[in-house]
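Working through the structure, step by step
Chain by chain, the residues:
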Amino acid sequence: DSMTPMAALFLPMIDAEASGVMYTLDPLDACRGECLVINAVSGLGTRLVDGSAIPDVFLVSRQDPGHFWAKRRAPLHNRTEDDHLRGSPASSLCIDDSAASTLARWGLQLEKLTGTPQDVEWAGDKEGNLYILQSRPVQRAKTLFSEIEPQEDTEFGPPPVSPSAVLLEMGTAAGAGIASGQIHRLSDPLKLEDVPPGCILLTPGIPPSLVPLVYKVGAVLAEQGSKASHFASVAREFGLPLIVGLGNVSESITDGMAVTVDAYRGVVYEGDVPELLAWKEKQQEKPPSPFQTRLAPLLKIISPLNLTDPESTDFHPAKCFSCHDLVRYAHEKGTEEMFSLVDSKGRGLRRAKTLESDIPIVMQILDLGDGLQQGAAAKKSVTPADICSFPFQAVWDGLTDREISWAEGLLHLDWERFDQVSGGIFSLKSSSLLASYALVTPDYAHLLLRFGYHFAVVDTLCGERPDENYIQFRFKGGGGTAEKKAWRLIMLEDVLRHFSFQVDMEDDMLEAKTTRLDRTSSQLRLRLLGYLLGRTPLLDMALQSKPDALEMAEQFKQKWQEGNDKDRT
């Protein structure tokens, strides 16, 4: 329990000319243990790891790092704007032979030091210096599968098949396995819930966001990507057949087509291939991977959830027996504290300020720290100009858009709660019980907005670091019929998906989120949310049909698309 001094670690940042991943042994053993595999892309390695790029590939001899088994240049369409700016010729590779040989020698040294084949991340700067960024044991295909029957022509993989049914054979095997099923083309990466179980997923790239599908689909075919990507590593870990780098296959593969995937050789066949499916059936049941074996004892203290009922007397720190319990307890108590700010007696709002504005919203403002201008702390009420919260101001800009007409004399607060507790005896505007509220700091805002019989929650962090930024939105309720409330949600869903929100709907509630946007992109979407909230009160009464809702969505998208185009530029 003694205090421990905090360390400060300084790391140099590398201005990368090229980056990549090297395997001192091919994870799929395509070289029969004879070569190292170096994957390289220009600039930072993000495009390689997130599966959006096809790399240059070097196969380097393990016996002689100066000898190359093969070199493959990435397709021309895969080159970035940076390549053109640097004047890189279309025929050139990201790194030269000397750099590839140096990396290969380093890889063999790392393998000798660690005693096991290595998965090495590397980068080269603009001065020609090479750096090792990370090295870890490589996950090889032979460690993921049970022993299989030896074949005359190969010691790993299924027997050869007649080429007559070959549909595609230009891909790179990135996760070994055999699978058959119907093609499902992923047209919207935000609609993973629409992917049918057991399908053969055809996707433009393999971003990490596809990882939740590893248990759901039979195999993945990717037009871009490489076996050095994060998704490919996960696919190998869980035995998911994966072929990458297929290029544009829209003409040869269509939705619903039945195919068989041989992700040992990187080949796709039309229809079922009995020989491959029979070979697959003969394999012994796959044992747990080394990762799963190592993780099993840890899961016993990570996963079990014992604190299931927050109202129970057992919901107590002493009853936390797992990490899951600790997270659940902290989350419930944190949520409880937040909502105590607006409990039935409004006790948590003693420090709150009433917002005075030109629109008929009753709102309390609670400053969590530096969210108000100097001098506003002594005031009982504040104006929007007193609030120095970037995300709050963005939402407020949308709410006060000049296209929004606020009905005079119609005060927006919690009408349902008002119906329950009052007979019109107290002042509506002075009641924190019925008000909307906002918790603010310069970069953070949590808004609960009450509009009659529906409410919305906006929770957002919008700072200078895009990796930390997020917007979470919830919209629920209404006074109209169930059908009309559904039309309103359909309109909201259509607009939000257009602006890159991930949306879920259930009954009369819509939830949407987006993450990792810069301030400019976040501001646009927060203004959009404010605008939508200003346009939606009583809309569940006014809409006449689903086509009406979709037509309104088109109008909203057209209005905000200009801002989105500027954002992208």
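Presented here is an overview of the structure given in this document.

Each value, and the rule that gives it
- Residues numbered from 1 in each chain as written.
- Predicted model: local features only at pLDDT ≥ 70, side-chain atom pairs only at ≥ 80, totals over all residues.
- Heavy atoms only, no water.
- Pairing = 2+ DSSP bridges.
- Helix = DSSP H or I, 4+ residues; strand = E, 2+ residues; numbered from the N terminus.
- Contact = heavy atoms within 4.5 Å.
- Axes fitted to C-alpha atoms, helices over the stretch in contact; angles between N-to-C directions.
- Patch = residues over 30% accessible without salt bridge, like charges linked within 9 Å, V, L, I, M, F, W, Y side chains within 5 Å.
- Areas by Shrake-Rupley, 256 points an atom, 1.4 Å probe, with all protein chains shown as cover.
- Salt bridge = Lys/Arg side-chain N within 4 Å of Asp/Glu carboxyl O.
- Core = buried A, V, L, I, M, F, W, Y, C linked by side-chain atoms within 4.5 Å.
- Buried < 20%, exposed > 50% of the residue type's maximum accessible area, 1.4 Å probe, protein only.
- 1 Å grid on protein atoms, 1.4 Å probe; cavity = no way out; pocket = protein on both sides within 12 Å on 5 of 7 lines; lining within 4 Å.
- Points joined across faces, edges and corners; volume = space filled by probe spheres on them.
- Nonpolar A, V, L, I, M, F, W, Y, C, P; charged D, E, K, R; others polar.

Turning to the sheet that holds strand β21 (residues 470-477), a few remarks are in order. One open sheet accounts for nine strands, arranged β17-β15-β16-β18-β19-β20-β21-β23-β22; its pairing is mixed. Because the sheet does not close on itself, it has two edges, and the strands there are β17 (381-382) and β22 (502-506). Alignment of strand β16 (residues 363-367) against strand β18 (residues 436-440), held across five bridges, turns out to be parallel. Among the inter-strand pairings, Leu-366 is bridged to a residue of β18, identified as Leu-439. Contacts from helix α8 (residues 390-399) reach β15 (353-355), β16, β18, β19 (444-451) and β20 (454-461), with the element oriented near 30 degrees to β19.

A contiguous nonpolar patch, built from Leu-298, Leu-299, Ile-301 and Ile-302 and spanning about 330 Å² of accessible area, is present on the exposed surface. Among the secondary structure elements, Leu-299 is positioned in helix α6 (residues 290-302).

This next bit is on the nonpolar core. Counting 53 residues, the largest nonpolar core has Ile-365, Phe-392 and Phe-473 as its most contacted members. When neighbours within four sequence positions are excluded, Phe-392 is seen to be in contact with Leu-355, Met-363, Ile-365, Ile-387, Ala-438, Val-440, Ala-445 and Leu-447. Val-195, Leu-213, Phe-231 and Leu-240 belong to the second-largest nonpolar core, a separate cluster that totals 20 residues.

What follows covers the layout of surface pockets. Approximately 680 Å³ is the volume attributed to the largest pocket. Looking at the largest pocket, it is lined by 16 residues, and the ones nearest its centre are Leu-190, Pro-207, Ser-209, Thr-515 and Arg-516. Counted by class, the lining of the largest pocket contains seven nonpolar, six polar and three charged residues.

Moving on, we come to unusual backbone geometry. Although it is not a glycine, Ser-500 adopts a positive phi angle of roughly 70 degrees. By the element assignment, Ser-500 lies in the loop between α10 (482-498) and β22. Relative accessible area serves as the criterion here: at 36%, Ser-500 is assigned to the partly exposed category. Notably, Arg-516 is not glycine yet its phi reads approximately 60 degrees, a positive angle.

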